[in-house]
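# A closer look at the structure
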Amino acid sequence: MAGLIAGAPTPTDITVHGQSRVLEVAFSDGARFRIPFELMRVYSPSAEVQGHGPGQETLQTGKRDIELVALDPVGNYAVQPRFSDGHDTGIYSWDYLYFLGSQEARLWQEYEARLKAANTGRDAPMVVKSAHGCASH
């Protein structure tokens, strides 16, 4: 399996652990990560979550109990998960999965800081923005 970055580690094994809600990924360099589904969903690389540029990110909340419904291969470089909330537009390259796994502690800290700055909590319901930029519940 080839990644997007030449010479970067590639998965040797991927296991979905539904009960513990983690994606276990072993890489060719010997690294092994157990990436929580919630972290994957909160940091989805999709435009829906990341936006189309800096400052356009949508803070994800209410994803603690998210489940991985399906995990489909995308060529030889990525997987596309489908989550229990219907989100299925993120394509997770091998490089991005490695990033999520290797940076998990820092990413959780950043997420908690963003929640605090938004005066909301991890389990708060998602606030959906309309096409006009107004927020509603």
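Before reading further, recall that the structure is shown in the block above.
The structure reproduced in this document is the subject of the present report. (Residues numbered from 1 in each chain as written. Predicted model: local features only at pLDDT ≥ 70, side-chain atom pairs only at ≥ 80, totals over all residues. Heavy atoms only, no water.)

Moving on: the overall build of the protein. Helix and strand content of the protein: 4 helices and 8 strands. Taken from N to C terminus, the helices and strands of the protein fall in the order β-β-β-α-α-β-β-β-α-α-β-β. Buried residues in the protein amount to 37% of all 137 residues. A separation of at least 24 residues holds for 46% of the contacts in the protein among residues at least 6 apart in sequence. A total accessible area of about 7700 Å² is found for the protein, and carbon and sulfur atoms account for 51% of it. (Helix = DSSP H or I, 4+ residues; strand = E, 2+ residues; numbered from the N terminus. Buried < 20%, exposed > 50% of the residue type's maximum accessible area, 1.4 Å probe, protein only. Contact = heavy atoms within 4.5 Å. Areas by Shrake-Rupley, 256 points an atom, 1.4 Å probe, with all protein chains shown as cover.)

As a further point, take the nonpolar core. Counting residues in hydrophobic clusters, the biggest one holds 24 residues, and the most contacted among them are Leu23, Ile35, Met40, Tyr43, Tyr92, Leu97 and Leu100. Of all the elements in the fold, those that place two or more residues in this core are β2 (22-27), β3 (32-36), α1 (37-42), β5 (78-83), α3 (94-102) and α4 (104-117). Ignoring any residue separated from it by four or fewer positions in sequence, one finds Leu100 in contact with Ile35, Leu39, Met40, Tyr43, Tyr92 and Leu107. (Core = buried A, V, L, I, M, F, W, Y, C linked by side-chain atoms within 4.5 Å.)

Moving on: the environment of Lys63. On the secondary structure map, Lys63 appears in the loop between α2 (47-50) and β4 (68-74). Sequence spacing of Lys63 and Met126 is 63 residues, and the spatial spacing of their C-alpha atoms is 8.8 Å. Sequence-distant contacts of Lys63, that is, excluding residues within four places in its chain, are made with Glu38, Arg41, Val42, Asp85, Arg122 and Met126. Here Asp85 takes part through its side chain, which lies 2.7 Å from a polar atom of the side chain of Lys63. (Polar contact = N/O pair within 3.5 Å; in protein donor to acceptor, adjacent residues only side chain to side chain.)

Running from N to C, α3 and α4 cross one another at 75°; their axes reach a closest spacing of 5 Å. If you check the angle between α3 and α4, you find them roughly perpendicular. Residues Phe99, Leu100, Gly101 and Ser102 of α3 pack against Glu104, Arg106 and Leu107 of α4. (Axes fitted to C-alpha atoms, helices over the stretch in contact; angles between N-to-C directions. Parallel < 35°, antiparallel > 145°, perpendicular 65-115°, else oblique.)

For Gln19, the position within the fold is in the loop between β1 (11-17) and β2. In sequence terms Gln19 and Glu67 are 48 residues apart; their C-alpha atoms lie 9.0 Å from each other.

Before going further, it helps to spend a moment on the pattern of salt bridges. Within this structure, the stated rule accounts for 9 salt bridges. Among the ionic pairs, Arg34 bridges to Glu24, the shortest N-O distance being 3.4 Å. Highlighted residues: Arg34 in strand β3 and Glu24 in strand β2, separated in sequence by 10 residues. In this structure, Asp85 engages Lys63 in a salt bridge whose closest nitrogen and oxygen atoms are separated by 2.7 Å. Highlighted residues: Asp85 in the loop between β5 and β6 (92-93) and Lys63 in the loop between α2 and β4, separated in sequence by 22 residues. Exposure remark for Asp85: the relative accessible area of 34% places this residue in the partly exposed category. Three or more residues are tied together by salt bridges with common partners; here these are Arg21, Asp65 and Glu67. (Salt bridge = Lys/Arg side-chain N within 4 Å of Asp/Glu carboxyl O.)

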